[in-house]
Amino acid sequence: MSAPPPAPVPTPASPALFTAAAAARLHAHAPYSRFLVGAALRTADGTVFVGANVENAAYPQGQCAEASAIGAMVAGGAKRIAEIVVIGAPADPNADASGLCTPCGGCRQRLREFSAPDTLIHVAGPEGMRATFTMDQLLPFSFGPDNLSF
């Protein structure tokens, strides 16, 4: 028997971060899934980095929006995420978009590399915020950089 999923924490994201993620989502390259995802992360100094999902005909070669935003952050010289907003929904505005678009397992691990246990991960749809989780809630008992300092 598995434990119920953790309850989201009621913490709103910055409206500017939501706007940046929504704008990035509109540039997603998702011709196969037609599921557009945008991400915007903020570093402690207030710098915002964005990313969008980029699909590829060779499916495993695609990249998630969170990974794109993390890559932009690292290329920009930053190494720590203060908070992130992830917005995902089908490209078709008439499709059911009611589910939560939480980061995939691989992106949870990528976020963990650059986050603290209490880093906020906001999950949204095009209409607005849906839930907020801490890094620890999305990836409990995770393996990270601190595990390598035995």
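Scoring rules and cut-offs
Residues numbered from 1 in each chain as written. Predicted model: local features only at pLDDT ≥ 70, side-chain atom pairs only at ≥ 80, totals over all residues. Heavy atoms only, no water. Core = buried A, V, L, I, M, F, W, Y, C linked by side-chain atoms within 4.5 Å. Buried < 20%, exposed > 50% of the residue type's maximum accessible area, 1.4 Å probe, protein only. Helix = DSSP H or I, 4+ residues; strand = E, 2+ residues; numbered from the N terminus. Contact = heavy atoms within 4.5 Å. Phe/Tyr/Trp six-rings, centres within 6.5 Å; stacked < 30°, edge-to-face > 60°. Arc of directions from axis to C-beta. Polar contact = N/O pair within 3.5 Å; in protein donor to acceptor, adjacent residues only side chain to side chain.

Q: Mind showing me how you'd approach the nonpolar core here?
A: As a rule of thumb, soluble globular proteins bury nonpolar side chains together. Counting 22 residues, the largest nonpolar core has Leu41, Ile70, Met73, Ile81, Ile84 and Leu111 as the members making the most contacts within it. Secondary-structure elements contributing two or more residues to this core are strand S1 (35-42), helix H2 (65-75), strand S3 (83-90), strand S4 (120-125), strand S5 (128-134) and helix H4 (135-138). Ranked by residues supplied to this core, first place goes to H2 with four residues. Not counting residues up to four positions away in its chain, the partners in contact with Ile81 are Leu41, Arg42, Ile70, Met73, Leu111, Phe114, Ser115 and Thr119. Among the nonpolar cores identified, the runner-up in size contains eight residues, and Phe18, Ala21, Val85 and Ala124 belong to it.

Q: I'm lost on the packing of aromatic side chains in this one. Help?
A: We describe a pair of aromatic rings using the distance from one ring centre to the other and the angle between the two ring planes. All told, the structure shown has one aromatic pair when counted by the stated rule. Geometrically, the ring pair formed by Tyr32 and Tyr59 is edge-to-face, given 5.7 Å between the ring centres and 80° between the ring planes. Separated by 27 residues along the polypeptide, Tyr32 in the loop between helix H1 (15-25) and S1 and Tyr59 in the loop between strand S2 (48-52) and H2 bring together distant segments of the chain. Judged by relative accessible area, which is 42%, Tyr32 ranks as partly exposed.

Q: Explain H1 here, please?
A: Residues of H1 that are buried include every one of Leu17, Phe18, Ala20, Ala21, Ala24 and Arg25, and no others. Looking straight down H1, one finds its buried side chains confined to an arc of 160°; they lie on one side. In H1, those exposed residues whose orientation departs by more than 90 degrees from the buried face are Pro15, Ala16 and Thr19. Here the buried face of H1 lies against S1, S2, S3, S4 and S5. Put simply, Ser14 is the residue that caps the front of H1, since its side-chain oxygen is 3.2 Å from the backbone nitrogen of Ala16.

Function cannot be inferred from these measures alone, as they are strictly geometric.
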